[in-house]
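# Observations on the three-dimensional arrangement
Below, each chain spelled out in residue letters.
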Amino acid sequence: MQLDPDWLMAQGEDAMLLHRVDTAFPETHQPDTVGIAVSGGGDSMALLHLFWRWSVKSGRPIAAVTVNHGLRPEAAEEAAHVAAFCAVHGIPHETLNWSGGGDAGNLQANARNARYRLIGDWARANAIGGVALGHTADDVAETFLLRLARKSGLDGLAAMDQRFQRDGVFWTRPLWQVGRAELRDYLKRHKIRWCDDPSNEDERFDRVRARKALQALAPLGIDAETIMDSALNLQVARNTLDHFTREAARTRVVEDRGDLLLQTGGDAGSLRPEIKRRILTAAMRWCSGAEYAPRYTAMLEMDATLATAQKHTLSGCLLTRDDTAIRVTREYNAVRAATCPTTEVWDGRWQLDGPHADDLHIAALGVAVKDCPDWRETGLPRASLMASPAVWQDGALIAAPLAGYNPDWTARIVTSFASYLLSH
């Protein structure tokens, strides 16, 4: 805590809200400067004002950032409103512009991903280690309904993480237990103007329909607070399953030069189906870099196929089975077009070390595995080597580290599976 308890208790109706921003970051992740993501809407304007009061009292600096998606003519005015507020209150502020879009069904998802990417870049460029987001209890409830409509299981219905790391930045949602109406009351008490986004009434968007469905459910006693409590209970259950998944992975998963082997023979055959599913979905996300796990029905199809056949492709990965293990490797077709300079990370996982040059690039080894005379001695399956990184120059193979071709080059995974499980 940064705020004096006696001062905090003297703030009346504002005390609990100020306490929430005061404890937004854990002791292990206290940023020197706190970033505030502000759209100009009521939730984020309340967050900004609360953190401004916190900053004045604690002496800790803050900075604000607004993303203008360029999707509505009002967006520039909303960004200007935030900038003017920050200028009056002495808060550094920057507006980031995004030109994206897509069809209405994907528009909000695209905008959300762009927001995280742009704000993450801004935070790293300005040495801001932590960013606060203005999500509320209403957001938790609306997300629950959206995922319920998509037949999500426990993971999807669990409450959104209150704190998480993404793209090298620590993010926090200090107002996740606070209702939208309570924040509007706060703004009115302090005579702070906010902007109402007209798209919040546009029923082309799923979230708007979920918001109106929530209003219709209120007479049954199903309101934002009730759903939030249920989502929080599911989050506790999810975290418990995650713990046992990590424990099982620690003893039953072997990382083999970019592949993962889940031991299934002997005692490992007693692995509970849900823990096995979680390990395999995490393994596929680690191998492919996919943001989301495969759908449950796709996992059932995979189980059925592997029970009668020895291989199956899913989520950009190839899964093969024998009597002792299931091997998860990158699917060659998923990376056959992936290329980058040798100094960059290839396919989100591989860093190569060797005599770099501007005319060299990394691409998958592919069928050129036949040009590596010692590839069988590596012990890796041919399919794994085909999807492994190789160094090329004008169509000529220079090195294939995992296939034992040219010892001047080595390849390493930038994030181990164990580390990935801890951060996801």
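Residues numbered from 1 in each chain as written. Predicted model: local features only at pLDDT ≥ 70, side-chain atom pairs only at ≥ 80, totals over all residues. Heavy atoms only, no water.

Each pair of aromatic rings is reported with the distance of its centres and the angle of its planes. Under the counting rule described, the total for this entry stands at six aromatic pairs. Here the aromatic rings of phenylalanine 25 and phenylalanine 170 are separated by 6.1 Å at their centres, their planes lie at 45°, and the arrangement is tilted. With phenylalanine 25 in the loop between α2 (15–22) and β1 (34–37) and phenylalanine 170 in strand β6 (residues 169–172), the pair connects residues that are 145 residues apart, well separated along the chain. Here phenylalanine 25 and phenylalanine 170 have matching classes, each one buried. Between tyrosine 116 and phenylalanine 164, the ring centres sit 6.1 Å apart and the planes meet at 75°, which makes this aromatic pair edge-to-face. Taken together, the positions of tyrosine 116 in helix α5 (residues 104–125) and phenylalanine 164 in strand β5 (residues 163–166) put the pair 48 residues apart, joining distant regions of the chain. The pair formed by tyrosine 116 and phenylalanine 164 is uniform in burial state, with each residue classed as buried. Pairwise contacts between aromatic rings join Tyr116, Phe164 and Trp171 into one cluster. Above the plane of the ring of tryptophan 286 lies arginine 349, whose end atom (NZ or CZ) is 4.8 Å from the centre. (Phe/Tyr/Trp six-rings, centres within 6.5 Å; stacked < 30°, edge-to-face > 60°. Helix = DSSP H or I, 4+ residues; strand = E, 2+ residues; numbered from the N terminus. Buried < 20%, exposed > 50% of the residue type's maximum accessible area, 1.4 Å probe, protein only. Lys NZ or Arg CZ within 6 Å of the ring centre and 35° of its normal.)

Pairing between strand β7 (residues 253–256) and strand β8 (residues 259–263): four bridges, direction antiparallel. If you follow valine 254 over to β8, its bridge partner there is leucine 261. In textbook terms, the turn of a hairpin is the stretch between consecutive antiparallel strands, and for β7 and β8 this stretch comprises two residues, one of which, arginine 257, has a positive phi near 50°. (Pairing = 2+ DSSP bridges.)

Strands pair in a sheet through their backbones, by hydrogen bonds, and they do so in one of two ways: parallel or antiparallel. Taking strand neighbours across the sheet as the criterion, the five strands line up as β7-β8-β11-β10-β9 in an open arrangement whose pairing is antiparallel. Pairing within the sheet leaves two strands with one partner each, and these edge strands are β7 and β9 (311–314). Looking at each pair of strands side by side, their axes are set apart by 20° on average, direction ignored. Pairing of strand β10 (residues 317–321) with strand β11 (residues 325–330) involves five bridges; the strand directions are antiparallel. Residue pairing in the sheet places threonine 320 in a bridge with arginine 327 of β11. Packing of helix α10 (residues 224–252) onto the sheet brings it into contact with β7 and β8, and relative to β7 it is tilted by some 60°. Here helix α12 (residues 296–308) sits on the sheet in contact with β9, β10 and β11, set at roughly 165° to β9. (Axes fitted to C-alpha atoms, helices over the stretch in contact; angles between N-to-C directions. Contact = heavy atoms within 4.5 Å.)

This brings us to the sheet that holds strand β14 (residues 361–364). A sheet is described by the order of its strands in space; here four strands give the open sequence β12-β14-β15-β16, paired in antiparallel fashion. The open sheet is flanked by β12 (339–341) and β16 (396–399), the only strands paired with a single partner. Each neighbouring strand pair of the sheet contributes to a mean axis angle of 45°, computed without reference to strand direction.

Here the focus is helix α11 (residues 273–288). With 16 residues, α11 ought to run about 22 Å at 1.5 Å a step, and its terminal C-alpha atoms sit 22 Å apart, in line with that. Counting buried residues along α11, twelve of its 16 residues qualify, which places the element largely inside the surrounding structure. For α11, the set of buried residues is Ile275, Arg277, Arg278, Ile279, Leu280, Thr281, Ala282, Ala283, Met284, Trp286, Cys287 and Ser288. Note on α11: the residue one or two positions beyond its end, glycine 289, has a positive phi of about 75°. (Expected span 1.5 Å × (residues − 1).)

Before going further, it helps to spend a moment on unusual backbone geometry. Peptide bonds are mostly trans, and most non-glycine residues show a negative phi. Phi is positive for serine 315, close to 55°, though the residue is something other than glycine. Its place among the elements puts serine 315 in the loop between β9 and β10. The phi dihedral of asparagine 406 is positive, around 75°, even though this residue is not glycine. With respect to the element layout, asparagine 406 can be found in the loop between β16 and β17 (410–413).

Within the element layout of this structure, serine 55 appears in helix α3 (residues 42–58). A relative accessible area of 15% means that serine 55 is categorised as buried. Not counting the four nearest positions on each side in its chain, serine 55 is found in contact with Arg60, Pro61 and Ile62.

Within the element layout of this structure, threonine 66 appears in strand β2 (residues 62–68). The class of threonine 66 is buried, set by a relative accessible area of 2%. At 2.8 Å, the side chain of threonine 66 and the backbone oxygen of valine 38 are in polar contact. In this structure the side chain of threonine 66 is engaged in a polar contact, spanning 2.8 Å, whose partner is the side chain of histidine 93. (Polar contact = N/O pair within 3.5 Å; in protein donor to acceptor, adjacent residues only side chain to side chain.)

Moving on to the pattern of salt bridges. This structure, assessed with the given rule, holds 21 salt bridges. For the salt bridge of aspartate 43 with arginine 180, the shortest nitrogen-to-oxygen distance reads 3.5 Å. Within this pair, whereas aspartate 43 is found in helix α3, its partner arginine 180 is found in helix α8 (residues 180–189), the two being separated by 137 residues in sequence. The burial state of aspartate 43 is the same as that of arginine 180; both residues are buried. The shortest N-O distance in the salt bridge between arginine 250 and glutamate 247 comes to 3.2 Å. One end of the pair is arginine 250 and the other is glutamate 247, both in helix α10 and three residues apart, which spans about a single turn. Via salt bridges that share partners, Asp43, Asp139, Glu142, Arg180, Arg184 and Arg211 belong to a single interconnected network. (Salt bridge = Lys/Arg side-chain N within 4 Å of Asp/Glu carboxyl O.)

Another aspect to go through is α12. End to end, α12 covers 19 Å across 13 residues, agreeing with the expected 18 Å (1.5 Å per residue, within 8%). Packed against the buried residues of α12 are α11, β9, β10 and β11.

We now examine the pairing of β5. Within a regular strand, the side chains alternate between the two sheet faces. Bridge count between β5 and β6: four bridges; the pairing is antiparallel. Bridge pairing in β6 links arginine 166 to valine 169. Taking the residues between adjacent antiparallel strands as the criterion, β5 and β6 are bridged by two residues, where aspartate 167 takes a positive phi near 55°.

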